[in-house]
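Read off the chains here:
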Amino acid sequence: MIKYLLYSSIVLLLIACGTAKRGEPAYAPLATTEPAVVQGKVVFDTFCHKCHPGGEAGLGPAINNKPLPGFLIRFQVRNGLGVMPAFSDKTISDSDLDVLVAYLKTLRKAKEDKPAQAP
Ligand code: HEC
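What you see is a predicted model, and the numbers here were worked out from it, not measured in a lab.

Peer 1: Where do I start with the coordination of the iron atom of the ligand in this structure?
Peer 2: Ideal geometry at a metal centre: 109.5 degrees between donors when four sit tetrahedrally, and 90 or 180 degrees when six sit octahedrally. Coordination of the iron atom of the ligand by the protein comes from His52 (NE2) and Met84 (SD), over a distance range of 2.0 to 2.1 Å. One way to put it: the six donor atoms around the iron atom of the ligand meet at angles of 84 to 180 degrees, and that makes the site octahedral. Of this pair, His52 sits in the loop between helix H2 (35-47) and helix H3 (70-79) while Met84 sits in the loop between H3 and helix H4 (94-113), and the two are 32 residues apart along the sequence. We classify Met84 as partly exposed; its relative accessible area is 22%.

Peer 1: Hey, could you run me through the site of the ligand in this one?
Peer 2: Near the ligand there are 21 residues, and of these Cys48, Cys51, His52, Lys66 and Met84 occur at the shortest range. One of the side-chain N or O atoms of His52 is found 2.8 Å from a nitrogen atom in the ligand. Between the ligand and the protein, one listed contact pairs an oxygen atom with a side-chain N or O atom of Lys66 at 2.9 Å. At a threshold of 2 Å from the grid points, most atoms of the ligand map onto the largest pocket.

Peer 1: Which parts of the structure should I look at to understand H2?
Peer 2: Turn by turn, an α-helix covers 3.6 residues, leaving residues three or four places apart pointing in a common direction. Compared with the 18 Å implied by 1.5 Å per residue over 13 residues, the 19 Å span of H2 between its first and last C-alpha is a close match. For H2, every residue scored as buried is listed here: Ala36, Val37, Gly40, Lys41, Val43 and Phe44. One face of H2 carries all of its buried residues, which in axial projection span an arc of 165 degrees. In H2, the exposed positions that point more than 90 degrees away from the buried face belong to Pro35 and Val42.

Peer 1: Honestly, the nonpolar core in this entry has me stumped. Any pointers?
Peer 2: If you look at soluble globular proteins, the nonpolar side chains tend to sit buried side by side. Membership of the largest hydrophobic core comes to 18 residues, with the highest contact counts inside it found for Phe44, Val77, Ile92, Leu100 and Leu104. Counting residues per element, the ones that place at least two in this core are H2, H3 and H4. At eight residues, H4 tops the list of elements feeding residues into this core. The residues touching Leu100, leaving out its near neighbours within four places in the chain, are Gly40, Val43, Phe44, Cys48 and Val77.

Peer 1: Explain the packing of H3 against H4 here, please?
Peer 2: In a packed pair of helices, the relevant descriptors are the angle between the two axes and the axis-to-axis distance. Running from amino to carboxyl end, H3 crosses H4 at an angle of 125 degrees, the nearest separation of the two axes being 10 Å. Taken together, the axis directions place H3 and H4 in an arrangement best described as oblique. Taken as a pair, H3 and H4 cross one another with a handedness that is right-handed. Facing Gly70, Ile73, Arg74, Val77 and Arg78 of H3, the residues of H4 in contact are Asp94, Leu97, Asp98, Leu100, Val101, Leu104 and Lys105. Looking at the contact of H3 with H4, its residues break down into six nonpolar, one polar and five charged.

What counts and how
- Residues numbered from 1 in each chain as written.
- Predicted model: local features only at pLDDT ≥ 70, side-chain atom pairs only at ≥ 80, totals over all residues.
- Heavy atoms only, no water.
- Donors = N, O, S within 2.8 Å, 3.2 Å for Na, K, Ca; no water.
- Tetrahedral: all angles 85-135°; square planar, octahedral: opposite > 155°, others 65-115°.
- Helix = DSSP H or I, 4+ residues; strand = E, 2+ residues; numbered from the N terminus.
- Buried < 20%, exposed > 50% of the residue type's maximum accessible area, 1.4 Å probe, protein only.
- Near = heavy atom within 4 Å.
- Polar contact = N/O pair within 3.5 Å; in protein donor to acceptor, adjacent residues only side chain to side chain.
- 1 Å grid on protein atoms, 1.4 Å probe; cavity = no way out; pocket = protein on both sides within 12 Å on 5 of 7 lines; lining within 4 Å.
- Sits in = over half its atoms within 2 Å of the grid points.
- Expected span 1.5 Å × (residues − 1).
- Arc of directions from axis to C-beta.
- Core = buried A, V, L, I, M, F, W, Y, C linked by side-chain atoms within 4.5 Å.
- Contact = heavy atoms within 4.5 Å.
- Axes fitted to C-alpha atoms, helices over the stretch in contact; angles between N-to-C directions.
- Parallel < 35°, antiparallel > 145°, perpendicular 65-115°, else oblique.
- Left-handed = near helix turned anticlockwise from the far one by under 90°.
- Nonpolar A, V, L, I, M, F, W, Y, C, P; charged D, E, K, R; others polar.

Shape is all these values report; function is a separate question.
Here it is, written out as structure tokens:
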């Protein structure tokens, strides 16, 4: 648990320091050059994108539109649920999972930062 708290704080720190460009397209809005986040995108595109395209809903639900805590993302990835397969540390190493979580938090932030749609 302490480990998870530590991870979450590191991730929060990463995000707090990241810059978010506004007005990016809804799809794959990677507005950072933070190395962890860039690596996380590679992991995401390899294993998650096909069901959660760009973090939006596909075969799986959207994961860029709700404040999923890091430990929950990790749990879901390691254990799977329903149609979603489990990914062991042989497929996604612990460090890959770290950067994946950092990327997902950035995706959500990018979504939140987008201005509300004009009426
Ligand atoms: C084969 C398709 C598939 C792949 C690949 C996949 N997912 Fe999923 N994911 C799903 C489905 C389906 C659900 C909904 C599961 C349920 O509630 O039964 C889900 C749910 C989730 C949730 C919970 C969302 C919520 O609203 O609580 C998270 C987080 C998530 N996936 C992250 C990931 C990540 C990260 C990866 C890549 C490592 C990934 N998924 C790969 C299909 C997939």
